[in-house]
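# Structural features, examined
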Amino acid sequence: MIASLIHSMAVCPDMNKVYPKIEYGRGVYLFDKNGKRYLDASSGSSSVSNVGHGRVEIADVMYDQVSKISVLPTHAFSSEIMEIYLQKLVDFAPTGFKKAWTVMSGTEAVENAVKLALQYHQIRGEGNRFKIISRWNTYHGNSVFMLDIGGMKMRRELYSKWHNNFPHISPAYIYRKPDELTTSEYVNSLLVEFEECLIETGAETVAAFIAEPIVAAALGAVPPPEGYFKGMKVICEKYGVLFISDEILCGFGRTGKNFGIQHFDITPDIIAAGKGISGGYFPLSAVLASGKVMTPFIDTNSSFLGGHTFACNPVGAAVGMKVLNILKNEDLINNSQKMGTLFLNKLEKLLEFDIIGDVRGVGLQCGIEIVQDKVSKKPFPAELKVSKRIGGKCIEKGVVLYPGSGSVNGTLGDHILITPPLTISEEQLDEIVNILYTSIKEVITELT
Ligand SMILES: Cc1ncc(COP(=O)(O)O)c(C=O)c1O
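Attention in this report is confined to the structure presented alongside it. None of these values were measured; they are calculated from a predicted model. (Residues numbered from 1 in each chain as written. Predicted model: local features only at pLDDT ≥ 70, side-chain atom pairs only at ≥ 80, totals over all residues. Heavy atoms only, no water.)

### Re the sheet that holds strand 14 (residues 402–405)
Heads up, the rule is: Pairs of strands are assigned from DSSP output, requiring at least two bridges between the strands. We count a stretch as a helix when DSSP gives it H or I for four or more residues in a row; a strand needs E for two or more, and each element gets its number in order from the N terminus. Between N-to-C directions, angles span 0 to 180 degrees; the directions come from axes that are lines fitted to C-alpha atoms, helices contributing only their stretch in contact. By the convention used here, residues are in contact when the closest approach between their heavy atoms is within 4.5 Å.
Read from one edge of the open sheet, four strands run 11-12-15-14, paired in antiparallel fashion. Taken across any chain shown, the strands that pair with only one partner, and hence form the sheet edges, are strand 11 (356–362) and strand 14. If you compare each strand with its neighbour and ignore which way they point, the axes differ by 20° on average. Pairing of strand 14 with strand 15 (residues 414–418) involves four bridges; the strand directions are antiparallel. Its bridge partner being in strand 15, Ser-405 is matched across the sheet by Asp-414. Helix 12 (residues 332–347) rests against strand 11, strand 12 (365–370) and strand 15 of the sheet, and its axis sits at about 175° to strand 11.

### Let's talk about the nonpolar core
To keep it simple, the criterion reads: Take the buried Ala, Val, Leu, Ile, Met, Phe, Trp, Tyr and Cys residues and link them wherever side-chain atoms come within 4.5 Å; each set so joined is a nonpolar core. Three labels apply to residues, based on accessible area from a 1.4 Å probe with only protein chains included: buried if under 20% of the type maximum, exposed if over 50%, partly exposed otherwise in between. Where each domain begins and ends is defined by an automated method or by a domain database.
Core analysis: the biggest nonpolar cluster contains 69 residues, and Leu-288, Ile-390, Ile-432 and Leu-436 have the highest contact counts within it. Among the elements that make up this core, the one with the highest residue count is helix 11 (residues 314–329) (nine residues). Viewed by domain, this core spans two of them, domain 1 (2–51 + 331–447) and domain 2 (59–329), each represented by three or more residues. When residues no more than four places from it in sequence are discounted, the contact partners of Leu-288 are Leu-89, Ala-93, Phe-97, Lys-99, Ala-100, Phe-259, Asp-269, Ile-270, Ile-271 and Ala-273. Grouped together as the second largest cluster of nonpolar side chains are 34 residues, Ile-169, Ala-172, Tyr-173 and Ile-261 included.

### Brief notes about the environment of Glu-193
This is how it is decided: Polar contact criterion, stated in full: a pair of N or O atoms within 3.5 Å, where within protein one must be able to donate a hydrogen and the other to accept it, and residues adjacent in sequence count only if both atoms are side-chain atoms.
Within the fold, Glu-193 resides in helix 8 (residues 183–201). A distance of 2.8 Å separates a polar atom in the side chain of Glu-193 from a polar atom in the side chain of Ser-170.

### Observations concerning the sheet that holds strand 5 (residues 131–135)
Taken together, seven strands build an open sheet; the order of strands is 4-10-9-8-7-5-6 and the sheet is mixed. One side of each edge strand has no neighbouring strand; the edge strands of this open sheet are strand 4 (97–103) and strand 6 (168–169). In terms of strand pairing, strand 8 (residues 242–247) meets strand 9 (residues 270–273) through four bridges, oriented parallel. What sits directly across from Glu-247, in strand 9, is Ala-273.

### Focus on the side chain of Thr-138
Secondary-structure assignment places Thr-138 in the loop between strand 5 and helix 6 (144–149). With relative accessibility at 1%, the residue Thr-138 sits in the buried group. Filtering out sequence-adjacent residues up to four positions away, Thr-138 remains in contact with Gly-150, Gly-151, Met-152, Glu-212, Val-215 and Ala-218.

### Quick notes on the packing of aromatic side chains
We count it as follows: Pairing of aromatic rings covers Phe, Tyr and the six-membered ring of Trp, with a centre-to-centre limit of 6.5 Å; geometry is then stacked below 30 degrees between planes, edge-to-face above 60, and tilted otherwise.
Applying the stated criterion across every chain yields a total of 12 aromatic pairs. A ring pair is formed by Phe-130 and Phe-166, whose centres lie 6.0 Å apart and whose planes are at 65°; its orientation type is edge-to-face. With Phe-130 in the loop between helix 5 (106–123) and strand 5 and Phe-166 in the loop between helix 7 (153–157) and strand 6, the pair connects residues that are 36 residues apart, well separated along the chain. Looking at Phe-166, the relative accessible area reads 13%, which means it is buried. Aromatic rings pair up to connect Phe-194, Phe-209, Tyr-228, Phe-229, Phe-243 and Phe-264 into one cluster.

### Some thoughts on the pairing of strand 11
Taking burial as the measure, the seven residues of strand 11 include seven buried ones, the bulk of the element. Alignment of strand 11 against strand 12, held across six bridges, turns out to be antiparallel. The residue of strand 12 that forms the bridge with Arg-360 is Gly-367. Taken together, strand 11 and the strand that follows it, strand 12, pair antiparallel across an intervening segment of two residues, in which Gly-363 is found at a positive phi of about 55°.

### Re unusual backbone geometry
Most peptide bonds take the trans configuration, and most residues that are not glycine carry a negative phi. The omega torsion across Ser-45 and Ser-46 is -25°, close enough to zero to call that bond cis. For Ser-46, the position within the fold is in helix 2 (residues 43–47). A positive phi angle, near 70°, is found at Ser-47, a position not held by glycine. The topology assignment puts Ser-47 in helix 2. For Ser-47, a relative accessible area of 0% translates into the label buried. Located in the positive-phi region is Phe-252, a residue other than glycine, with phi close to 55°. Among the structural elements, Phe-252 can be located in the loop between strand 8 and strand 9.

### Here we look at empty space enclosed by the protein
Counted only if it meets this: Points on a 1 Å grid over protein atoms alone make up a cavity when a 1.4 Å probe fits among them but cannot get out, and a pocket when they form an open set with protein on both sides within 12 Å along at least five of seven lines; lining residues each have an atom within 4 Å of a point. Grid points are joined across faces, edges and corners, and a volume is the space filled by probe spheres set on the points. Three residue categories are used. Nonpolar comprises Ala, Val, Leu, Ile, Met, Phe, Trp, Tyr, Cys and Pro, charged comprises Asp, Glu, Lys and Arg, and polar comprises the others, including Gly.
Tallied over the entire structure, the rule returns one cavity of 30 Å³ or more. Estimates place the volume of the largest cavity at around 30 Å³. Surrounding the largest cavity, Val-71, Leu-72, Thr-74, Thr-309, Ala-311, Cys-312, Asn-313 and Pro-314 form its lining. For the lining of the largest cavity, a count of residues per class yields five nonpolar, three polar and no charged.

Right, here's the structure in full:
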């Protein structure tokens, strides 16, 4: 009776389904109420528990901090723990970053990053720059504003009447590039599209370009081809447009570097980070700003109006600092790079299936794309829910993945994002691949 009451209160993706209830987590594993073990190859929802589940040392740090002070009037005070942590965040960021502050969710961090870009232009007397250019098939958060800027058609549609509909350009999606183009011609076509979009919309009205360095849930771990971000940054600079890197999912070591954008040899102007920043032990996210962006604020003594009640929370700082220490002391960012390379090799075994069209990723941000026809790359009909079915079979067998859809045109297309904790071992990677292999085989049988 109590169980059914609890279920009826919960807002779950599928309202009519009874979800297994997780009791606790240890390392890469989750355990439900019946003692069943699941390998969490999604790291929460998703790519959050980078340092693994059930870390008592983080609970200890939280206890100590809450015992001292858990919230303070930030309009009048700062705290030493926060000041030290923010300095550590700046040190963790690419060279040239000057300031950082924390909020609670990825959505808030990206929205803060966008507002910072808008205010930067206002202070410099360019308040007419109010547009944000983003890409289709990307996710930047779940507020109405962030859904507008993001490019997931199914999620946007519900709120379209509230949207500004600023320009969206094509994603850099090498698996689905036009066949007649070489990779460099494809990159060039994307750069031309961006520049034409700027000119058409009026470059003097554009505040920022925003991108996920490696597109996560919306495409299933898609890095851009070589030269893409370098070219995009050159165009941004040419037209005075800021470059915001949405590192909510791919930051904090997920891809084998501190931040995903560092794989592409450019430095963004603003970074929004979240998820793995606290390993999921506290709702925490951050905005990191370069000296270029902060200088006009400092020179004109302008405050950034981005505060939230739980901004710069000392408990968040204590947890965030502990997570940074764990990443460093256990060499987890290098482990992500090492295990990621091994994992991609192992996942390639799945290409023997006719329905697995692509295996991709960077570090431990990996993904697969599922197709009905490998030659034409034709997707399955959406109603077959193929990625969800594979994900469901994997859960039955004890592995949690993050299935997605809409990769082709916002509705069609199946992919699965795989982002295990950075603590994962090679044997545990084998566990994921073996269960995924069996599950795909079973779904193929069902489909034929
Ligand atoms: C790239 C990216 N940006 C922003 C967000 C929003 O973060 P949150 O769900 O913490 O608000 C997410 C969440 O999945 C994300 O993956």
